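The residues making up each chain are set out below.
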Amino acid sequence: MASNKKYWKSVEELNENSSIVETLRQNEFVEEIPVDEFLGNKESLESSSTSRRDFLKYVGFSTAAATLAACEGPVIKSIPYVVQPERIIPGVADFYATTIADGYDFASILIKTREGRPIKVENNKEAAVKGSANARVHASVLSLYDNMRVKRPKIDGSDVSWKEFDGEVSQKLRTVSDSGKQLVLLTQTYASPSTSKLIAEFKAKYANVQHVVYDAISESTALDAFEAKYGERGLADYDFSKAEVIVSIGADFLGDWQGGGYDDGYAKGRIPTGKHGAKTMSRHIQFESNMTLSGANADKRVPLSPTDQKVALAKIYAGVTGNSISARNLSDKAEDAIKKAIGQIKQAGSKAVVVSGINDVDAQSLVLAINEALSSEAFDKDAPKKIREGNDAAVNKLINDMKADAVGGIIMAGVNPVYTLPNGKEFGEILQKLELAVTFTTKEDETAQQSKYVAAAPHYLESWGDVEMKKGYYSVMQPTIRPLFDTRQFQDALLKWTGNEKTYYEYIKETWQTGILNGASWNQAVHDGVFKTTVAVSLVDEATAAIEEDAVSVEETEEVELTTSASQQARKLASTSAAAGMELVLYAKTGMGDGQQANNPWLQEFPDPITRASWDNYLTISQADAEAKGLKNWNVANGGLNGSYVNVTVNGKTIENVPVIIQPGQARGTVGLAFGYGKKAGIQEEMQTGVNAYPLYEGFNAVQDVAIEPVAGVHEFACVQLHNTLMGRGDIVKETTLEIFNTKDHHVWNPMPHVSKNHEMIDATDPGADMWGEFDRSIGHHFNLAIDLNACTGCGACVIACHAENNVPVVGKTEVRRSRDMHWLRIDRYYSSADTFEGDVEKKENMSGLFGEEGSLGGFLEMENPAENPQVAFQPVMCQHCNHAPCETVCPVAATSHGRQGQNHMAYNRCVGTRYCANNCPYKVRRFNWFLYNQNDEFDYHMNNDLGRMVLNPDVVVRSRGVMEKCSMCIQKTQKTILDAKREGRQIKDGEFQTACSAACSSGAMTFGDINDKESKVAELLEDDRMYHLLEHVGTKPNVQYHVKVRNTKEA
Amino acid sequence: MKKVNHRSSVSRILGIALVMMLAFSTSLFAQDDAAAKAGEVLFKANCAACHKLDAMSTGPMLRNIEARLEEEQGLDREWLYKWIKNSSALIKSGDRYAVAVYEQYGKRQMTAFPQLSNEDIDNILAYTAQEKVTPPPVPKLEGEPSTAGGFSSEMVLWALIVLFGLLALGLFLVNKTLRKFAIANGTVNVEEESKKPSVWKAFVQNQFLVIVSVILLLLGSAYFAYGYFMQVGVDQGYQPIQPIHYSHRIHAGVNKIECKYCHSSARVSKHSGIPSLNVCMNCHKNIAEVAEETQQEGLTKYGVDYNKEIQKLYTAVGWDPTAQDYVNEQKPVKWIRIHNLPDFVYFNHSQHVTVAGVECQTCHGQIEEMEIVEQYSPLTMGWCINCHRETDVNFRGSAYYDKIHEQLKEKYGVESFKASEMGALECGKCHY
């Protein structure tokens, strides 16, 4: 055993009296067939209008009808192209480089298209900045085929043509412009050079135009601080691969902090590298209140309330720079942690980096000052990121102007302020009164309902565009499909309204050729999707720039105080008094982000990496606070999680009936609530889940003083938390510390389990321990998937990529609650009890008997005392493709069998649905189709409409009711790679073999390849000391490797 | 599933007779002018790519061109020599009519033929000056029985049935009457006869025989029931009528066009691909009509007017043969798919065509002989597996197999391996 830590997956598991835990261990598929419900009730049976005779008649008739219908094959028609496009070959996928820039997610990606349909998002490995897609970006391809999209322009809710629309709007534009009132462009962050230029031209054409950029979840404080310090509006960039010590104060940089995209750099530094015995990895200390992905991955996590975080940051500043600042004392633990963190930062010097997510200009300035003082190598201020541009002051001014009737018209694009503004309702009322209110939107959302003019906007996969994500790093957005509907993008409309005859494509091309490319090829840039330049680019000429200046001058008056020195700011932060009551920390969930894609069933069903709950948002609360308030979470007989409700009140605004989840690691005195849920407009009924947290986002501050009040009622969560217990067999996640890893032999920290043979203990992998004969797999390919637990951040991109690649169905909230989720790949999240590792072992060894002082019954409970602040481990689990698979031997119809390439095959057409295989699988990775999930009105998700079905991968069959399915190790992809090589008559290079998950994994946690290719990376990883197999002692010989998690616990 | 009826041999004989007749009639009309014959050869070799005698093609129609030019434009044979030998020079020289023709045909220049002598051109003109031969109207064959051959086989059959029926009835009546007579005469003892145990009764009384025959009956019916159910969903011989009568016999057989010229994606894709219509137009831009013999053969032997079928193609792609341009609306053709694999099977053409080098005919049969394509193979799993068991893997010339083949040879000491030995029987190779 690498560690004797006892892992637990739910608070419920800590409850010794919980019968549910035991029940679930014994019984995986808990749902009984409700025979009694029906047959037991005599009255209902008798009152039923269908008699036994009728029933038999129906059965007879339908059997006969089905038999007759089956005899004649249907006539299938095929319609080829009249003129086939040169590049499209039916059956062969094409890849196009493009860019997503929806105002929240920015990434350079590749789009896989089949017969002209985009079906999958892949990472663009050539992109230097944000070339990897997160879970939401992977899911965005399904949003293209959203049935709820606005299909054509509308005026007052009725469909019109673009000609009528243009006519009315341009006339109104004139009137507003002439009236002397403001004409406002309220847009998302485009970070687009061409759009900026275009808006400048628009300003030149019409009088009194204001351009306000609005981010639903604002990073304005960081932008303000950066602007004040460096005179340029942007966000400092960080390269965590260069950092040896990472200290984060409330910054979830593995999540969506400042636009996210830091996980690949971070993961690089987390894999122990270097000479044997002296391997190094980064040390990550996280101070935070909500349990975030970053906190879960940290070596040391300190729960701290937001007000305390400010003080902590001031103290770290003082410690690092040597200034003395008087501040109130925090708890002993926190003080100790801060002291040690300062020590380590100082020790690492320029190899350290400090980041913060505190929504405060002072705090953000201080972070810049600290990194500057450290001259941190990971800190990049010269080429700032531009993926957030929103300006709180400008938005506030706009709202005030609108209230004061100084605004005549507004054109909105990519924003939904009625939903996302704290006072959205009021905003909506003003919108209705305006002379001109145009909104460019893909959905008939809250804002569209209040606007007279609804301009149908295309999805990003149907649009042209350009993005400068980081200074000097450009990306191109190109359409990958013809517009599905009668839509027009915002920029094309602006061109039209400024009297420009060009299309936006021509406009971008011209902009690039004159300003950006500097002689380089435009076609090459479109082909690559990215373009890097070191030449300074200025596209907006000076006259228009002057106008821009006017617009922003308003804000600068408010930022005078920014000029104060860092030490003053630190003192100001240090003087933050402790919060009197509870503090609410608003955050964005990995799956939902700011809520733009709320109508995307993949994202709704995506289990949150931390809570493992899907289809919901909820108030996270610490165990201590929950007990004090009498709030509870409990599991019911079908494995579902139930929870209490509370009313959440901020500044007199109350959100009623918010469900509560008890979150280990949540800082005491704080609660968390996610944005992006509770949408009601332009969204299917099934997807109208959760509560809207935006009304509490007062002053664009994610931290609010809150009052919570328990109310009656029970909430039913769809949580995959207690699902698929590994039958109490421990030793699942092996982990060790860097010190032991470096100093001890791998038998100590990664021991091979032993089994007894002839009363002698032998290795579980010893051939003598095997009752099966071994096949020779040394010729041809033998696939292995390696998963490095050190690099896995739990981001979940692989889960959605797998969903998209393999046509995995969406089953809906009630089915997920019944443990019937269909994800082929799940990311198990385990909490552990932290700190006293040795103490735990000692205590466990000293246990004797069941009861008493040292009894195991009380002892385990004590030892596993609901961790105030647990350590967390993520472990992606999919079919392990065992060479000696337990599922194969129990299938009565041989529907599942083994291939010589190491893959465990599943022949769906052969499966009769006995589910023996799922029962016999020690990893619980098999998924059963309880219902027909496609073309079934009961499951009204994307597979139930023609548009949504366009996302299906034609190389993978859509499974029917009553069959088992599971991870195939993307056999369709490996087979394609082999076929390509055969056709081209060449050998296969390492890295060519990919699965959907390994291709999606940007952190390098998943490596796929052929272990018979001795040069391959995965073959090398197989021999690594850290390598182990899941449940090795069962003797299944899996083809999925795991690599022991190493934590850097070294303190200063 | 519809099938095309076999034509009766009578009609086939008629068709041959017709062809013979036509052959004679042409020779009747043929002039003894050898020049025209030589001209025909030259015309077919040089001019036919762009010109037709009686229809517009890339260039104008050429029947009686010399006379028409003389009549309409007052141009003589000298002008034609110049034009044919080097039309561009003539246009450049500013010749009025040359420029007019050039403009009229979309500024497409006619290829120069300096290699043709004046005599050659004379011969060609002689050929074009021939009268058009109008074939005698083809007698309609479809449906109506021809009188010359007497009764159709069907009628004979019916007549025979009626005859036999009458005979049987007659015999029965005779027997009955005779019996009546016999009983009346007392020759036969009725009671005695009824006491005599019949074979049927004896059979029924013998339990062993009954059991054995019941078992045999059940086994037999099970055998046939199994056979019947096993062919459900197996559409071997499926031969649907397509919206355009496309003859693989003419294209792949007579004209020997390579399969993968049209089904090009079979080389690289899982689909063989139904050719898009622009592929058809590569040739059919110039082939608006089939040869006269082919047309006759189609009409008599297959009951198809090939020229009409080509017109259907033009309608579909929006091609206007007179304007020689794509001007009309496109109307995609809804072909009826013949080979239908179930969704749960993954089949890749390129794997078999390019990698394994399997001939198209192996699975699709003698396509080049099929006037109407039918499903040749059963497309059952047993059929797939059988081929995988019997076929050697083609290792040669592929760097992919080099190492694998070496290792296999070393391990098993044999040179060739069946596909099944390389994993081609694994479920997951086709079902995912």
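Residue positions are given per chain, counting from 1 as you read along its sequence in written order. All chains are assigned letters beginning at A, and all ligands numbers beginning at 1, according to the order in which they are written. Selection of residues for local features in this predicted model requires a pLDDT of at least 70, selection of side-chain atom pairs for listing and counting requires 80 or more, and totals for whole chains, interfaces and linings are taken over all residues.

Some details on the overall build of chain A
Working step 1: Helix and strand content of chain A: 35 helices and 43 strands.
Working step 2: With C-alpha atoms as the basis for the radius of gyration, the globule rule is written as 2.2 Å multiplied by the number of residues raised to the power 0.38. Here the C-alpha atoms of chain A give a radius of gyration of 29 Å, agreeing with the 31 Å that 2.2 N^0.38 yields for 1052 residues.
Working step 3: A principal-axis box enclosing the C-alpha atoms of chain A has dimensions of 95 × 80 × 70 Å.
Working step 4: Each residue is classified by how many other C-beta atoms fall within 10 Å of its C-beta atom, where C-beta atoms are placed from the backbone; a count of 20 or more means buried, 12 or fewer means exposed, and values in between mean partly exposed. For chain A, with 1052 residues in total, the buried portion stands at 53%.
Working step 5: In chain A, 75% of the contacts between residues at least 6 apart in sequence involve partners at least 24 apart. Numbering goes from the N terminus for both helices and strands, where a helix is a DSSP run of H or I of at least four residues and a strand is a run of E of at least two. Contact between two residues is assigned when their C-beta atoms, built from the backbone, lie within 7 Å.

Some remarks on the overall build of chain B
Working step 1: Across its full length, chain B carries 20 helices and 3 strands.
Working step 2: Scored against the burial criterion, the 432 residues of chain B give a buried share of 14%.
Working step 3: Taking the intrachain contacts of chain B between residues at least 6 apart in sequence as the baseline, contacts between residues at least 24 apart amount to 66%.

Description of the nonpolar core
Working step 1: Note on terminology: a nonpolar core is any set of buried Ala, Val, Leu, Ile, Met, Phe, Trp, Tyr and Cys residues joined through C-beta atoms within 7 Å. Formed by 284 residues in total, the largest nonpolar core has its most connected members in Ala 312, Leu 313, Ile 316, Tyr 317, Leu 586, Cys 798 and Ala 801 of chain A.
Working step 2: What counts as a domain boundary in this text is fixed by an automatic or database domain assignment. Viewed by domain, this core spans two of them, domain 1 (154-218 + 390-540) and domain 2 (220-384) of chain A, each represented by three or more residues.
Working step 3: What Tyr 317 of chain A contacts, discounting residues up to four positions off in sequence, is Leu 366, Ala 369, Ile 370 and Ala 570 of chain A.
Working step 4: The next biggest cluster of nonpolar side chains, apart from the first, holds 9 residues, and it includes Ile 84, Ile 121, Ile 124 and Leu 125 of chain B.

Side note on the domain arrangement of chain A
Residues and elements named next belong to chain A.
Working step 1: According to the domain assignment, chain A consists of domain 1 (154-218 + 390-540) and domain 2 (220-384).
Working step 2: One C-alpha centre belongs to domain 1, the other to domain 2, and the line joining them spans 35 Å.
Working step 3: Every contact between the two is made by 7 residues of domain 1 and, on the other side, 5 residues of domain 2.
Working step 4: Among the residues making up the side of domain 1 that touches domain 2, the classes are represented as no nonpolar, 4 polar and 3 charged. By the convention adopted, Pro, Cys, Tyr, Trp, Phe, Met, Ile, Leu, Val and Ala count as nonpolar, Lys, Arg, Asp and Glu as charged, and the other residues, Gly among them, as polar.

Observations regarding the packing of helix 14 (residues 277-284) of chain B against helix 16 (residues 306-317) of chain B
All names here are of chain B.
Working step 1: To define axes, lines are fitted to C-alpha atoms, for helices over the stretch in contact only, and angles between the resulting N-to-C directions are given on a 0 to 180 degree scale. Orientation of helix 14 relative to helix 16, taken along the N-to-C sense of each, is 125 degrees, at an axis distance of 11 Å. In this view, helix 14 runs oblique relative to helix 16, as classed from their interaxial angle. The interaxial crossing formed by helix 14 with helix 16 has left-handed handedness. Contacts between helix 14 and helix 16 pair Leu 277, Cys 280, Met 281 and His 284 from the former with Ile 310, Leu 313, Ala 316 and Val 317 from the latter. Orientation categories follow fixed angle ranges, with anything under 35 degrees roughly parallel, anything over 145 roughly antiparallel, 65 to 115 roughly perpendicular, and all other angles oblique. Left-handed is the label given to a crossing in which the near helix is rotated counterclockwise from the far helix by less than a right angle, and right-handed is the label when the rotation is clockwise.

Notes on the domain arrangement of chain B
Working step 1: What the domain assignment lists for chain B is domain 1 (32-128), domain 2 (153-196), domain 3 (248-379) and domain 4 (380-432).
Working step 2: Here domain 1 of chain B and domain 2 of chain B have C-alpha centroids that lie 84 Å from each other.

Section: the interface of chain A and chain B
Working step 1: With 40 residues of chain A in contact, the opposing surface of chain B contributes 46 residues.
Working step 2: Within the residue set of the side of chain A that touches chain B, elements represented by two or more residues are helix 4 (52-71), strand 2 (77-78) and helix 33 (971-984) of chain A.
Working step 3: Taken together, the residues of the side of chain A that touches chain B sort by class into 20 nonpolar, 14 polar and 6 charged.
Working step 4: Pairing between two strands is assigned when DSSP locates at least 2 bridges connecting them. Note that strand 2 of chain A and strand 3 (residues 335-336) of chain B share 2 bridges and pair antiparallel. Within strand 3 of chain B, the residue paired with Lys 77 of chain A across the bridge is Ile 336 of chain B.

Description of the sheet that holds strand 16 (residues 407-413) of chain A
All names here are of chain A.
Working step 1: Taking strand neighbours across the sheet as the criterion, the 7 strands line up as 7-6-18-17-16-8-9 in an open arrangement whose pairing is mixed. Lying at the two open borders of the sheet, with one neighbouring strand each, are strand 7 (158-159) and strand 9 (209-213).
Working step 2: The sheet contact formed by strand 17 (residues 436-441) and strand 18 (residues 453-456) spans 4 bridges and is parallel. Following the sheet pairing, Thr 439 is matched in strand 18 by Val 454.
Working step 3: Across the sheet, helix 6 (residues 162-179) is in contact with strand 6 (154-155), strand 8 (182-187), strand 16, strand 17 and strand 18; its angle to strand 16 comes to roughly 135 degrees.

Topic: the environment of Pro 695 of chain A
All names here are of chain A.
Working step 1: Within the secondary structure layout, Pro 695 lies in the loop between strand 28 (670-674) and strand 29 (703-719).
Working step 2: For Pro 695, a count of 20 C-beta atoms within 10 Å puts it in the buried group.
Working step 3: Taking the C-alpha atoms as reference points, Pro 695 and Lys 734, separated by 39 residues in sequence, lie 43 Å from one another.

Quick word on the pairing of strand 5 (residues 117-123) of chain A
Working step 1: The buried fraction of strand 5 of chain A amounts to 6 of the 7 residues, a majority that puts the element mostly inside the structure.
Working step 2: The hairpin turn running from strand 4 (residues 106-114) of chain A into strand 5 of chain A, its antiparallel successor, is 2 residues long, and Glu 115 of chain A in that turn takes a positive phi close to 50 degrees.

Considering the confidence of the model for chain A
Residues and elements named next belong to chain A.
Working step 1: When pLDDT is averaged along chain A, the result is 88, and 90% of the positions lie at 70 or above.
Working step 2: Taken as a whole, residues 542-563 scores under 50 in pLDDT and shows 22 contacts with residues more than four places along the chain or in a different chain.
Working step 3: A residue's pLDDT is the confidence the predictor assigns to it, expressed on a 0 to 100 scale. Here residues 723-729 is a poorly scored stretch, pLDDT under 50, and it has 10 contacts once near neighbours within four places are set aside; other chains count.

Some words on unusual backbone geometry
For residues that are not glycine, phi is negative in most cases, and the peptide bond is trans in most cases.
All names here are of chain A.
Working step 1: Of note in this structure, Lys 130 is not a glycine but carries a positive phi near 50 degrees.
Working step 2: Secondary-structure assignment places Lys 130 in the loop between strand 5 and helix 5 (135-144).
Working step 3: Lys 130 gets classed as buried once you count the C-beta atoms within 10 Å, which come to 31.
Working step 4: Not every positive phi belongs to a glycine, and Asn 651 is a case in point at roughly 55 degrees.
Working step 5: As for its position among the elements, Asn 651 is in the loop between strand 26 (641-650) and strand 27 (653-662).

What to know about helix 20 (residues 399-412) of chain B
Working step 1: Helices are assigned an expected span. That span is 1.5 Å times one less than the residue count. The first and last C-alpha atoms of helix 20 of chain B sit 20 Å apart over 14 residues, in line with the 20 Å expected at 1.5 Å per residue.
Working step 2: All of the buried residues in helix 20 of chain B are Tyr 400, Tyr 401 and Leu 408 of chain B.
Working step 3: The inward-facing, buried residues of helix 20 of chain B contact helix 33 of chain A.
Working step 4: Immediately downstream of helix 20 of chain B, the backbone of Gly 413 of chain B shows phi near 65 degrees, a positive value.

Focus: the environment of Asp 937 of chain A
Residue and element names in this part refer to chain A.
Working step 1: Relative to the helices and strands, Asp 937 resides in the loop between strand 38 (927-928) and strand 39 (964-965).
Working step 2: For Asp 937, a count of 6 C-beta atoms within 10 Å puts it in the exposed group.
Working step 3: It is 39 Å that separates the C-alpha atoms of Asp 937 and Tyr 831, two residues lying 106 residues apart in sequence.

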